[in-house]
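Each chain, letter by letter, is given below.
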Amino acid sequence: QVQLVESGGGLVQAGGSLRLSCAASGRIFSINTMGWYRQAPGKQRELVALITSGRKTNYTDSVKGRFTISRDNAKNTVYLQMNSLKPEDTAVYYCNADLRTAWYTGGMDYWGKGTLVTVSS
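Residues numbered from 1 in each chain as written. Predicted model: local features only at pLDDT ≥ 70, side-chain atom pairs only at ≥ 80, totals over all residues. Heavy atoms only, no water.

1. Some words on a nonpolar patch on the surface
Condition: Patch membership requires over 30% relative accessible area and the absence of a salt bridge. Like charges are linked within 9 Å, and nonpolar side chains (Val, Leu, Ile, Met, Phe, Trp, Tyr) within 5 Å. All accessibility values rest on the Shrake-Rupley procedure with a 1.4 Å probe; residue burial counts only the protein chains present in the view. Within this document, salt bridges are pairs made up of a side-chain nitrogen of Lys or Arg and a carboxyl oxygen of Asp or Glu, the two lying within 4 Å of each other. Put simply, DSSP marks the helices as runs of H or I at least four residues long and the strands as runs of E at least two long, and each gets a number from the N terminus on. The classification of residues rests on relative accessible area computed with a 1.4 Å probe and restricted to protein chains. Under 20% of the type maximum is buried, over 50% is exposed, and intermediate values are partly exposed.
The grouping of Phe 29, Trp 103 and Tyr 104 at the surface amounts to a nonpolar patch, some 440 Å² of accessible area in total. Structurally, Phe 29 is set in the loop between strand E3 (18–25) and strand E4 (30–39). The partly exposed category is assigned to Phe 29, whose relative accessible area is 46%.

2. Overview of the packing of aromatic side chains
Here is the rule: Any two of the Phe, Tyr and Trp rings considered here, Trp counted by its six-membered ring, make a pair once their centres fall within 6.5 Å; the pair's planes then place it as stacked at under 30 degrees, edge-to-face at over 60, or tilted in between.
In this structure the tally under the stated criterion is two aromatic pairs. On the numbers, 5.6 Å between centres and 90° between planes, the contact of Trp 103 with Tyr 104 is edge-to-face. The class of Trp 103 is exposed, set by a relative accessible area of 62%. When its relative accessible area of 57% is taken as the criterion, Tyr 104 is described as exposed.

3. Concerning the environment of Asn 58
Rules: Residues are treated as being in contact if the distance between any of their heavy atoms lies within 4.5 Å.
By the secondary structure assignment, Asn 58 is in strand E6 (residues 57–59). For the pair Asn 58 and Lys 113, spaced 55 residues apart in the sequence, the C-alpha separation amounts to 22 Å. Residues in contact with Asn 58, not counting those within four places in the same chain, are Val 48, Ala 49 and Leu 50.

Read these as layout, nothing more, since geometry by itself doesn't imply function.
As structure tokens, this is what we get:
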């Protein structure tokens, strides 16, 4: 059973920083793309950042220059460094991984349960 567990969320004032972590565990053959998504109350879930196995990255426009995604393949862990946080960053942040559980299977999406980030003004 594959598990993704996020950590690092919490309450921070505007302008502050947080670092989110997500560790994947279980039956994992290989991890392809990993990413962070977020969902604010009343809004659709949106992609925040993603990183490929080759460490190419993509960010949504609203976080470019403020957030940095990275990964440690040896630890099956993805990180999201969030700087200069704004109240509009408040959301539940979800970790996502496209991974294979065996050599003969294709990639499948797995999700963490989410971690709440609250940015006060």
